[in-house]
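Chain by chain, the residues:
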Amino acid sequence: MVVPRSIPLINPRASYLACKEEIDTAIARVMESGRYILGQEVSAFEREFTAYIGVQYGIGVGSGTEALHVALQACGMKLGDEVITVSHTAVATVAAIQLCGARPILVDIDPHTFVIDANQIERAITSRTKAIIPVHLYGNMAEMRIIRSIADRHGLRIVEDCAQSHGASYGGQKSGVWGNIAAFSFYPTKNLGAFGDAGMVVTNDPELGDRVRLLREYGWRQRYVSEIPGLNSRLDELQAAILRVKLRYLDRWNEERRKKAKTYTEMLAPLGVICPSEGLGVKHVYHLYVIRTRERDALQRFLKEKGIETLIHYPIPIHLQKAYEDLGYRQGDLPVTEQCCSEILSLPLYPEIKESEMEEVIQSIRCFMKNGRIK
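How each quantity is defined
Residues numbered from 1 in each chain as written. Predicted model: local features only at pLDDT ≥ 70, side-chain atom pairs only at ≥ 80, totals over all residues. Heavy atoms only, no water. Helix = DSSP H or I, 4+ residues; strand = E, 2+ residues; numbered from the N terminus. Buried < 20%, exposed > 50% of the residue type's maximum accessible area, 1.4 Å probe, protein only. Contact = heavy atoms within 4.5 Å. Salt bridge = Lys/Arg side-chain N within 4 Å of Asp/Glu carboxyl O. Axes fitted to C-alpha atoms, helices over the stretch in contact; angles between N-to-C directions. Parallel < 35°, antiparallel > 145°, perpendicular 65-115°, else oblique. Left-handed = near helix turned anticlockwise from the far one by under 90°. Polar contact = N/O pair within 3.5 Å; in protein donor to acceptor, adjacent residues only side chain to side chain.

(A) Layout of the environment of A151. With respect to the helices, strands and loops of the structure, A151 is situated in helix α6 (residues 144-154). According to the relative accessible area criterion, A151 is buried, its value standing at 1%. In this structure, the C-alpha to C-alpha distance between A151 and S356, residues 205 residues apart in sequence, is 46 Å. Residues contacting A151, with those up to four places away along its chain left out, are I132, L156 and I158.

Shown next, in the form of structure tokens:
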């Protein structure tokens, strides 16, 4: 039996090879500098990334989870506060809320865009609600004008979770601009990925920016003098130098993702699978290309037999996970989320994926949908 070649879901190494000489030069520059934490590379990346997003302040931190945690802390989240977000997200979103002592209040998603259903937010607001975290999932964006209006009406903070939406836009403005504060992850598989953990908090609010800068390093403005209780969440110089190089390619890579996603949609939609869709006024950057089908599990097994890697982002919604039983949710509480989680499948997509590889994925899905079983 001939074992088919593997088509990976993602390929971070390919983005390194695409700009290898520049990245190697940047790494060497850092190594030769002798400064490895919060130096010139971090400062430069903070300036360059905030200019790209269109905000005034950017503070590099250790990871996307820490970016969310510190952003919430800067907004004053504390024990007893409530933060509205979704169950269909990476667990980091809810983990960051609980790290502040606050309580996650989970609402349902839109079945087409997979992001928070803005119509569900207002009914979840109580006297304890302090913030909303819209998660811009898979490279899509939430309906930020509606969410902004709700937040303003109720005096709530908006903390954007932009971990998967580097370069995405809504109404012509990029993710990270719409909220009071926003958190980005630069995990290696992201559209803008480092070679390890890294994150950033961005904001247009000078007071929030100053507070985040204090929080990320023990509350220091002056070394060894803590103005407020803080933590250690610092972006290192190597990751910043690498991200500076890759930032220059981000728009080009995002356009490649959009082009390839369009090809998938044109070829797969007629086969009966539900393809991803963009919200009104949204420019989706396809961090992941996620389809839906009731035959998801069988299709995933079939593609695995063909050497095609897929994943489920995410198989168990947070409100049904054992770690979060104490939140008090039950099966059936978030029906759209639960149905989507039983049907979603992420297909191989990254800027460097070959047309022949995409054709192999498409033909394999066509074969499965025609025959309805593994052959």
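(B) Seen up close, unusual backbone geometry. That bond from H313 to Y314 is cis: its omega, 20°, falls within 30 degrees of zero. Tracing the backbone through its elements, the reader meets Y314 in the loop between α10 (296-305) and α11 (335-343). In this structure, F114 takes a positive phi of about 70° despite not being glycine. Turning to its location among the elements, F114 is positioned in the loop between β3 (103-107) and β4 (129-132).

(C) Looking closely at the pattern of salt bridges. Applying the stated rule across the entire model yields 21 salt bridges. Of the charged contacts, one joins D24 and K20 as a salt bridge, the two residues approaching to 2.9 Å between their closest N and O atoms. One end of the pair is D24 and the other is K20, both in helix α2 (residues 20-33) and four residues apart, which spans about a single turn. Judged by relative accessible area, D24 falls into the partly exposed class, the value being 29%. When its relative accessible area of 38% is taken as the criterion, K20 is described as partly exposed.

(D) Broad picture of the packing of helix α4 (residues 64-74) against helix α5 (residues 92-99). The interhelical angle for the contact between α4 and α5, taken along N-to-C directions, is 40°, at an axis separation of 8 Å. Between α4 and α5, the crossing angle belongs to the class labelled oblique. Every pair of crossing elements has a handedness; the one defined by α4 and α5 is right-handed. Contacts between α4 and α5 pair T65, L68, H69 and L72 from the former with A92, T93, A96, I97 and L99 from the latter.

(E) Here's a closer look at the environment of E160. With respect to the helices and strands, the residue E160 is situated in strand β5 (residues 157-161). Here E160 falls in the buried class, since its relative accessible area comes to 0%. Sequence separation between E160 and I181 is 21 residues; the distance between their C-alpha atoms is 6.5 Å. Setting aside residues up to four positions removed in sequence, E160 forms contacts with P134, H136, M141, M144, S175, G176, V177, W178, G179, I181, A182 and A183. Among the polar contacts made by the side chain of E160, one reaches the main-chain amide nitrogen of W178 at a distance of 2.9 Å.

(F) Broad picture of the packing of helix α9 (residues 250-268) against helix α12 (residues 355-371). Two numbers describe how α9 lies on α12: the axes approach to 11 Å, and their chain directions differ by 25°. Judged on the interaxial angle alone, α12 and α9 are roughly parallel. α12 is crossed by α9, and the crossing has right-handed handedness. Contacts from K260, T263, Y264, M267 and L268 of α9 reach α12 at M358, V361, I362, I365 and R366.

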